[in-house]
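Structural description and commentary
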Amino acid sequence: MSYNQSIQSQLHQLLPQGNSDSDKKNIPIETSLLKVINNTLVFDNTVYQIRNISTVAVADLTKTYAINTSVPSWYWFLLVLGVFLIAFYGLGLLIIIYVCWLLSQHSNLEKSRRVENYGLSIGMNSGEGVILKSKSKEFVLAIVVTLYRIMNTEEVKALAFNFDTLKIDKIEDKSIKIENSYGSAVISGKIAGDVVNNV
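Residues numbered from 1 in each chain as written. Predicted model: local features only at pLDDT ≥ 70, side-chain atom pairs only at ≥ 80, totals over all residues. Heavy atoms only, no water.

Right, let's get into the overall build of the chain. When helices and strands are tallied, the chain shows five helices and eleven strands. Burial status across the chain gives 25% buried among its 199 residues. The contacts of the chain with a sequence gap of at least 6 include a subset with a gap of at least 24, amounting to 63%. Working note: accessible area of the chain is about 14,900 Å², and carbon and sulfur atoms make up 54% of it. (Helix = DSSP H or I, 4+ residues; strand = E, 2+ residues; numbered from the N terminus. Buried < 20%, exposed > 50% of the residue type's maximum accessible area, 1.4 Å probe, protein only. Contact = heavy atoms within 4.5 Å. Areas by Shrake-Rupley, 256 points an atom, 1.4 Å probe, with all protein chains shown as cover.)

Here we take up the packing of aromatic side chains. Counted under the stated rule, the structure contains three aromatic pairs. On the basis of an interplanar angle of 25° and a centroid distance of 6.1 Å, the ring pair of Y98 and W101 is categorised as stacked. Of the two residues, Y98 and W101 are both situated in helix α3 (residues 91-107); the distance of three residues between them amounts to about one turn of the helix. What makes Y98 partly exposed here is its relative accessible area of 41%. (Phe/Tyr/Trp six-rings, centres within 6.5 Å; stacked < 30°, edge-to-face > 60°.)

The next point concerns the pairing of strand β9 (residues 129-134). Bridge count for strand β1 (residues 28-29) against β9 is two bridges, and the pairing is parallel. From the neighbouring strand, P28 faces β9, where its bridge partner is I131. As paired strands, strand β8 (residues 118-124) and β9 are joined by six bridges and run antiparallel to one another. Note on β9: the bridge partner recorded for S121 is I131. A loop of four residues connects β8 with β9, the two strands running antiparallel in sequence, and G127 in this loop sits at a positive phi of about 100°. (Pairing = 2+ DSSP bridges.)

Our next topic: the side chain of T146. Turning to its location among the elements, T146 is positioned in helix α4 (residues 137-151). Within the local environment of T146, its side chain forms a polar contact with the backbone oxygen of A142, the two atoms lying 2.7 Å apart. Excluding anything up to four places from it in sequence, T146 contacts L159, F161 and I168. (Polar contact = N/O pair within 3.5 Å; in protein donor to acceptor, adjacent residues only side chain to side chain.)

On to a nonpolar patch on the surface. A cluster of nonpolar side chains, I86, L91, L93, L94 and I97, forms an exposed patch at the surface whose accessible area comes to about 480 Å². The leading source of residues in the nonpolar patch is α3, at four residues. In this structure L91 comes out as partly exposed when scored by relative accessible area, which is 47%. (Patch = residues over 30% accessible without salt bridge, like charges linked within 9 Å, V, L, I, M, F, W, Y side chains within 5 Å. Salt bridge = Lys/Arg side-chain N within 4 Å of Asp/Glu carboxyl O.)

Glancing now at the pairing of strand β2 (residues 33-38). Counted residue by residue, β2 has five buried out of six residues, so it is predominantly covered. Bridge analysis of β2 against strand β10 (residues 157-162) gives six bridges, and the strand direction is antiparallel. Each residue of the ladder has a partner; that of K35, found in β10, is A160. Linking β2 to strand β3 (residues 40-43), which pair antiparallel, is a turn of one residue.

A word on the confidence of the model for the chain. Looking at the chain, the pLDDT average stands at 75 and 70% of residues meet or exceed 70. Residue range residues 18-24 is modelled with pLDDT below 50. Its contacts to residues more than four positions away, or to other chains, number zero contacts. (pLDDT = per-residue confidence, 0-100.)

Moving on, we get to unusual backbone geometry. The backbone of D44 shows a phi angle near 45°, a positive value even though the residue is not glycine. Since its relative accessible area comes to 25%, D44 is described here as partly exposed. Residues other than glycine seldom take positive phi values, yet L166 does so here, at roughly 60°. Within the fold, L166 resides in the loop between β10 and β11 (167-170).

Glancing now at the sheet that holds β8. Taken in spatial order, the four strands of this open sheet run β1-β9-β8-β5, and their pairing is mixed. Unpaired on one side and paired on the other, β1 and β5 (53-60) mark the two borders of the sheet. Packing against the sheet, α4 makes contact with β5, β8 and β9, and its axis sits at approximately 170° to β5. (Axes fitted to C-alpha atoms, helices over the stretch in contact; angles between N-to-C directions.)

Moving on, we come to the environment of T55. For T55, the position within the fold is in strand β5. Judged by its relative accessible area of 44%, T55 falls in the partly exposed class. In this view, T55 contacts S121, I122 and G123; residues no more than four positions away in its chain are not counted.

The following block contains the structure:
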């Protein structure tokens, strides 16, 4: 009995308590450019090896927000004012009719707003994942199909997926090949900005 309790207490100490990182949902990342260069996937300051990607999928990030759910308080103020004024003046009856019309108009308003967003969900073999946000489902599907083709071929690719213009462009090779260099330094340019802008 005490042996089992000691194992349980040891496991309790070794295993993390509370919510782990894997339990948390991936927060969608807004990026303007995703590049595939040789065997890597590059965006912002992140580089993933394509062979370490286990899943690529379209994530539905569409949300519905509640709007116009509560009646404005000034409607009730006008109603009370109309009831108060009805005893003294005929104007109160007009105010009550106006408030009834406002309440009927409010009940006809849309009670929710749907905002469509989609994401490119990338899952790694390690269990880590990321979602790149986009407004176009067709563009995300095009990225998924392109990455599927890249993952199933040995052909070297260099592509840029632009999330702003929703275009897929080939990247021209600007690499410099130096066969021999004897005692001289080679400077090809300066590096500034994000990783994705320099590769």
